[in-house]
Amino acid sequence: MSVLDEESSWHLLRESIFDGQQCPSELERIGRQIAKKCAGLPLTLVSVGEELSRSVQSIEVWDKFVENMKKTVAYQNCLKRVSPSYNDLPIECKLCLLYFSRFCDSTGMDMEDLVTRLMLEGIVEPILHHTMEDSTHYYVKFLIDESVVLVLERDENGEVKTCGLHDLMHDLCLRESDSENFVLIPRTTYYFGNLCCMCGSMSSLERMDISHIVSSKVSTIARRAFIYKRKVNSFVSKVQADESSVHDFVLPLPILRFWNLQVLHVRVDMSTSNELLNLPNEIWEMHQLRELFIKGVVLHKPRKNSMVLEQLETLCADSQRLEDEVVKGIPNVKRLALYYEDVLSLDLLNNVATFLKLESLILDLPCEVALENIFFPKSLKKLSISCKEDITAQQIVTFGSIPNLKILKLKGRAFVGKWSSTGEKYFPNLEVLVLQGNWGQFSFEERFAIRYLDKLVLQDVTGLKLTSFDAWSFRRLSSVHLNGCDELVIKSAIRFVKNVILFRNNSFQFYVNEQLVHVDDEEDSE
């Protein structure tokens, strides 16, 4: 289901209506509105155009057509013609699509959020010998490959970031969902009347305002909860915390009854207090937790060593100290994001090596940290380091020794030192490298190389000379992206790219400020 842009859509609609004749000027404005409502789908544009060609060509008729477009014969015929795209899907993909249609249309939805929701709701069964997450990714990717789900945005690694549904497919899925009674939302009692327990007064189905829930029956239903706290002693939604407690964060009592809770977001605004609060120890009894996002509060060590959150795979936290007891209590974490504002919480950072299943690590550091002394787990595939101070060559060598690392993002005030290590033992599997900062005080040995690198991204980089890179050893490189870089970086990159292309038999893409550049047309003088 490929789509056209607005101008091409109008041209196709106009051709379908007037068959090569001129469109009356008074109808062009409303005609473009009709074309826009077709959302770029040629099938809809042609069908609508054919119906309009048989109608009276007046503003009044076309205005009425716009208002009732989804009820027109042309639109209903389009729904029938795209029905096979849905009917021929495997049952698991149909379930994913019907669920997706309840949350999203052509405006888009975050890919990871979609996958997380599908997993937590238990919409699909895992494929044999595969995890639930891998299986869900497979089903969504299948829908994308079949052009049923649209890719709206990709990240710097080329992975799908945002996806959506064409209006026509969205309407078809909603119709199928209604006919199958796919979404049945339970209800419970609130202080303010009989409202849906899945959304309450909030507008989003994902967000449960647990502070209003009275019925304990909802504990068997709830899997997601978002708690926000504007001030240290008061919750949004009029729930009061214990004013005598300044060291411990008091959650509303109902949250501790949610034994099926799998995703928990807690955010405290620290603008009125500089003191971090502790999550209640009862968190360690919520054994179904898969994702925990906390800001302004920290996960404190459990009272008993036997307390383990075995299902927890994602932890995103501010100023979280990696105490031994905490790390032992979350042994299966795969995605870890740690953001620090001060040095005090960094003393146990070395414990990151004990996360033996860790695949993705984000570190946001307030100062220069001896990262070269930290041992990273061999399972790590994606590493993102952001530091407000300098990053040294020795630290970069440390990252290069992580055997399974595929994606590396480095952001620093400046990069200093000399890269003096070459050979295939460094970055043996790195495919994507993203750099940001000043490289004026950094130098590379001649013939520097990352042999399996596929994509290089330079964001706001100054002072870096790519001409010291060995083009032959970068022959697997398929794209270079420069955004906000200085002229020195751009000119050296053009020369480097030209040399890389000499050793490649397939296509190569070079982008400067998101614009595709043909290096044959560029100067390579420095």
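These numbers were taken from a predicted model, which means no experiment stands behind them.

The rules we used
Along each chain, residues carry numbers from 1 onward, in the same order as the chain's sequence is written. Since the coordinates come from a predicted model, pLDDT governs what is reported: local features require at least 70, and pairs of side-chain atoms require 80 or more to be given and counted, while whole-chain, interface and lining totals use all residues. With hydrogens and water set aside, each side-chain value is computed from the structure's full complement of heavy atoms. We call two strands paired when DSSP finds no fewer than two bridges between them. Segments assigned H or I by DSSP are reported as helices when at least four residues long, segments assigned E as strands when at least two residues long, and all are numbered from the N terminus. For every residue, the accessible area obtained with a 1.4 Å probe (protein chains only) is divided by the maximum for its type, and the residue is called buried under 20%, exposed over 50%, and partly exposed between those limits. Only buried residues count toward a nonpolar core, which is a set of Ala, Val, Leu, Ile, Met, Phe, Trp, Tyr and Cys residues joined through side-chain atoms within 4.5 Å. By definition, residues are in contact when any of their heavy atoms lie within 4.5 Å.

**Section: the sheet that holds strand E1 (residues 109-110)**
(1) Moving on: Overall, antiparallel pairing links the three strands, which are arranged E1-E3-E2 in an open sheet. In this open sheet, the two strands that pair with only one neighbour each are E1 and strand E2 (149-154).
(2) Moving on: Of the pairings in the sheet, the one linking E2 to strand E3 (residues 160-165) comprises five bridges and is antiparallel in character. The residue of E3 that forms the bridge with Arg154 is Val160.

**Here's the deal with unusual backbone geometry**
(1) Moving on: The phi angle at Ser147 is positive, at roughly 65°, despite the residue not being glycine.
(2) Moving on: Tracing the chain through its elements places Ser147 in the loop between helix H8 (132-145) and E2.
(3) Moving on: Given the relative accessible area of 30%, Ser147 is considered partly exposed.

**What about the pairing of strand E13 (residues 360-365)?**
(1) Moving on: Direction of pairing for strand E12 (residues 335-339) relative to E13: parallel, over a ladder of five bridges. Looking at E13, one finds that Leu338 is bridged to Leu363.
(2) Moving on: Bridging between E13 and strand E14 (residues 382-392) involves six bridges; their strand directions are parallel. Pairing of Leu365 across the sheet is with Cys387, part of E14.

**Things to note about the nonpolar core**
(1) Moving on: Counting 88 residues, the largest nonpolar core has Leu383, Phe427, Leu458 and Phe510 as the members making the most contacts within it.
(2) Moving on: Among the elements that take part in this core, helix H12 (residues 487-502) stands out by supplying seven residues, more than any other.
(3) Moving on: Discounting residues that sit within four places of it in the chain, Phe427 has contacts with Ile396, Phe399, Gly400, Leu405, Leu408, Trp419 and Ile450.
(4) Moving on: Trp62, Val66, Val124 and Tyr139 belong to the second largest nonpolar core, which has 53 residues in total.

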